[in-house]
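Given next are the chains, with one letter for each unit.
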Amino acid sequence: MINRRTFSKALGTSAAAASLTGLQGVPTASAATASGTSTSPEPATSPGTHTSFPRLKQVRAGLLNVGYAELGPAHGPAVICLHGWPYDIHSYVDVAPLLAEQGYRVIVPYLRGHGTTRFLSDRTFRNAQQSAIAVDIVALMDALKIEKAVLAGFDWGSRTADIIAALWPERCKALVSVSGYLITNLKAQLQPLAPQAEHTWWYQFYFSTERGRLAMEDPTLRHDLTRFVWQTVSPTWNFDDATFERTAAAFENPDYADIVIHNYRWRLSLADGELRYDGLEKQLAARPLIDVPTITLDPERDPFTAPGNGSSYRDRFTGKYEHRTLEGIGHNVPQEAPAAFAQAVVDVDHF
């Protein structure tokens, strides 16, 4: 187990601690952890230590003008942290400074339809199929002249990072993926799940209705629905009102409702994607292997965490690999357990 003293030493604020070469001696997860024993490091940085990023930046990338936070040295090794739904870049508000202190260039973008990210054209279809979001991030890397990066994410962010690692491994140095292999298989999505699992996905079915769309378009209903999701998927996280409101501001993006609704309807084959992505989706339907170095994280208290301690997706990762379960942690792993998430990034970068 990585204790407080070890992680504080690894992620200290002194000049010596900030050296990347100094991380070579930092203990990584034990062999017991790799084989599935739960680990929950005592955090060196408590959740909520930071409440904001420095001034956000904007860059034209692909179909978008992407809003993003950037911390750390401009020429440091790149880490791209990807958020999920219903979250935003503030999921990484404590993770990013930890990594920046170690010399990483940390990029945390708003996904399409969130925060300050905007489509360049009003005529562009507000598409949220999985490959479109992945292409967005590759375009962002091109715009920022990032040839290769460690990709780290949860929820939509895990799926996006998984896709890039699978289809463009030359762009992914290493991967941290919460909940493992999340690439969507549309055919498999048509099959019913166990009742409890279907219950957990209630909002996916709600968004399949016009009633659900109206809820996403109504500011009050959207606010209350997304907060309810936070509470149910992170049952041990005692976040305060201010923490939620900082993220909820990102849901005021004019394309937010369209992006969210399309994402969940597309997953159930109730909404079409675009022809331009058909080739990529065909590759993803084959469940491609991921051979870049990977750490998968399973949050114990996340209702979406599959049983089997990562066994259900272990065969999809063929490179150097570790699996870690985080005890007492819910769905929003980077914000609930920033030290554990940052440690996974550091460790996988040194595989």
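Going along each chain's sequence as written, the residues are numbered from 1 onward. Only residues with pLDDT of at least 70 are given local features in this predicted model, and only at 80 or more are side-chain atom pairs given and counted; all residues enter the totals for whole chains, interfaces and linings. The side-chain figures draw on all heavy atoms in the structure; neither hydrogens nor water molecules are used.

## Digging into the overall build of the protein chain
Phase 1 of the analysis: Where helices and strands are cited, they refer to DSSP runs of H or I of at least four residues and of E of at least two residues respectively, numbered from the N terminus. A count of helices and strands for the protein chain gives 15 helices and nine strands.
Phase 2 of the analysis: Within the protein chain, the proportion of its 351 residues that are buried is 57%.
Phase 3 of the analysis: A sequence separation of at least 24 residues applies to 79% of the contacts in the protein chain between residues at least 6 apart.
Phase 4 of the analysis: Put simply, the protein chain shows about 14,400 Å² of open surface, and 53% of that area lies on carbon and sulfur atoms. The rule is simple: take the accessible area with a 1.4 Å probe, protein chains only, and divide by the maximum for that residue type; under 20% is buried, over 50% is exposed, in between is partly exposed. In what follows, a contact means two residues having at least one pair of non-hydrogen atoms within 4.5 Å. Here the open area of atoms and residues is found with the Shrake-Rupley method and a 1.4 Å probe, where only the protein chains shown may cover a residue.

## What to know about the packing of helix α4 (residues 130–143) against helix α5 (residues 156–167)
Phase 1 of the analysis: Only the contacting stretch of a helix is used when fitting its axis, a line to C-alpha atoms as for every element, and angles between N-to-C directions run 0 to 180 degrees. Where α4 meets α5, the axes come as close as 9 Å, and the angle between the chain directions of the two elements is 70 degrees. The orientation of α4 with respect to α5, classified from their angle, is roughly perpendicular. Where α4 approaches α5, its residues Q130, S131, I133, A134, I137 and V138 are matched on the opposing element by W156, R159, T160, I163 and I164.
Phase 2 of the analysis: Taken together, the residues that form the contact of α4 with α5 break down as seven nonpolar, three polar and one charged. An angle below 35 degrees is read as roughly parallel, one above 145 as roughly antiparallel, one from 65 to 115 as roughly perpendicular, and any other as oblique. All amino acids are sorted into three groups, where Ala, Val, Leu, Ile, Met, Phe, Trp, Tyr, Cys and Pro are nonpolar, Asp, Glu, Lys and Arg are charged, and the leftover types, Gly among them, are polar.

## Comments concerning the confidence of the model for the protein chain
Phase 1 of the analysis: Residues at a pLDDT of 70 or more form 87% of the protein chain, whose mean pLDDT is 90.
Phase 2 of the analysis: In the model, residues 1–43 has pLDDT below 50 throughout and makes 74 contacts with residues more than four positions away in sequence or in other chains. A residue's pLDDT is simply how confident the predictor is in it, with values from 0 to 100.

## Some details on the layout of surface pockets
Phase 1 of the analysis: Definitions used throughout: a 1 Å grid over protein atoms alone; a cavity as a set of points that fits a 1.4 Å probe which cannot get out; a pocket as an open set with protein on both sides within 12 Å along at least five of seven lines; a lining residue as one with an atom within 4 Å of a point. Grid points are joined across faces, edges and corners, and a volume is the space filled by probe spheres set on the points. By volume, the largest pocket amounts to about 1,100 Å³.
Phase 2 of the analysis: Around the largest pocket sit 36 residues that line it, and Y181, L182, Q189, L193 and W201 are the ones nearest its centre.
Phase 3 of the analysis: Mapped onto the lining of the largest pocket, the elements with two or more residues apiece are α5, α6 (186–189), α7 (195–200), α8 (202–206) and α12 (256–267).
Phase 4 of the analysis: A class-by-class count of the residues in the lining of the largest pocket yields 20 nonpolar, 10 polar and six charged.

## Quick look at the pairing of strand β9 (residues 321–326)
Phase 1 of the analysis: Summarising burial for β9: six of the six residues are buried, a large majority.
Phase 2 of the analysis: Here β9 shows two buried faces, one formed by Y321, H323 and T325 and the other by E322, R324 and L326.
Phase 3 of the analysis: The criterion for strand pairing is that DSSP finds at least two bridges linking the strands in question. With six bridges joining them, strand β8 (residues 294–299) and β9 adopt parallel strand pairing. Within β9, the residue paired with T296 across the bridge is H323.

## What about the side chain of T200?
Phase 1 of the analysis: Along the chain, the position of T200 falls in helix α7.
Phase 2 of the analysis: Residue classification places T200 among the buried residues on the basis of a relative accessible area of 12%.
Phase 3 of the analysis: Those residues in contact with T200 that sit more than four places away from it in its chain are P303 and F304.

## A closer look at the packing of α4 against helix α13 (residues 278–285)
Phase 1 of the analysis: Two elements in contact, α4 and α13, have axes separated by 9 Å at closest approach and are oriented at 110 degrees. Between α4 and α13, the interaxial angle falls into the category roughly perpendicular. Contacts from Q130, S131 and V135 in α4 reach L280, E281 and L284 in α13.
Phase 2 of the analysis: Along the lines of polarity and charge, the residues of the contact of α4 with α13 split into three nonpolar, two polar and one charged.

## Thoughts on helix α15 (residues 338–349)
Phase 1 of the analysis: Helix length check: α15 (12 residues) gives 17 Å between terminal C-alpha atoms against 16 Å at 1.5 Å per residue, within 8%.
Phase 2 of the analysis: Of all 12 residues in α15, 12 are buried; the element is thus mostly enclosed.
Phase 3 of the analysis: Listing the buried residues of α15 in full gives P338, A339, A340, F341, A342, Q343, A344, V345, V346, D347, V348 and D349. Helices are assigned an expected span. That span is 1.5 Å times one less than the residue count.

## Things to note about α4
Because each turn of an α-helix spans 3.6 residues, side chains separated by three or four positions in sequence point in the same direction.
Phase 1 of the analysis: Here α4 contains 14 residues, and its C-alpha end-to-end distance of 20 Å stays within 8% of the 20 Å for a straight helix at 1.5 Å per residue.
Phase 2 of the analysis: The buried count for α4 comes to 11 of 14 residues, which makes it a mostly enclosed element.
Phase 3 of the analysis: Following α4 by one or two positions, K145 adopts a phi angle in the positive range, close to 60 degrees.

## A word on the environment of P47
Phase 1 of the analysis: Summarising the element assignment, P47 is placed in the loop between α2 (31–34) and β1 (57–61).
Phase 2 of the analysis: Given the relative accessible area of 38%, P47 is considered partly exposed.
Phase 3 of the analysis: With 48 residues separating them along the chain, P47 and V95 place their C-alpha atoms 9.2 Å apart.
Phase 4 of the analysis: Setting aside residues up to four positions removed in sequence, P47 forms contacts with D94, Q335, E336 and P338.

## Topic: the pattern of salt bridges
Phase 1 of the analysis: A side-chain nitrogen of Lys or Arg and a carboxyl oxygen of Asp or Glu constitute a salt bridge if their distance falls within 4 Å. Throughout the structure, instances matching the rule amount to 15 salt bridges.
Phase 2 of the analysis: Taking the shortest distance from any N to any O, the salt bridge between E210 and R213 comes out at 3.9 Å. One end of the pair is E210 and the other is R213, both in helix α9 (residues 210–217) and three residues apart, which spans about a single turn.
Phase 3 of the analysis: The partner of E322 in a salt bridge is R324, with the nearest N and O atoms 3.0 Å apart. This pair shows no difference in class: E322 is buried, exactly as R324 is.
Phase 4 of the analysis: It is possible to trace a salt-bridge network through shared partners that takes in E210, R213, E217, D258 and R265.

## Side note on the packing of aromatic side chains
Phase 1 of the analysis: Planes of paired rings set the category: under 30 degrees apart is stacked, over 60 is edge-to-face and the rest tilted, where pairs are Phe, Tyr or Trp rings (Trp by its six-membered ring) whose centres lie within 6.5 Å. With the rule as written, the count across this model stands at 25 aromatic pairs.
Phase 2 of the analysis: Ring plane angle 80 degrees and centroid distance 5.0 Å describe the contact between W230 and F239, whose orientation is recorded as edge-to-face. The same class applies to W230 and to F239, which are both buried.
Phase 3 of the analysis: Every member of this aromatic cluster is reached through a ring pair, and the members are W85, W156, W201, W202, Y203, Y206, F207, F228, Y264 and F304.

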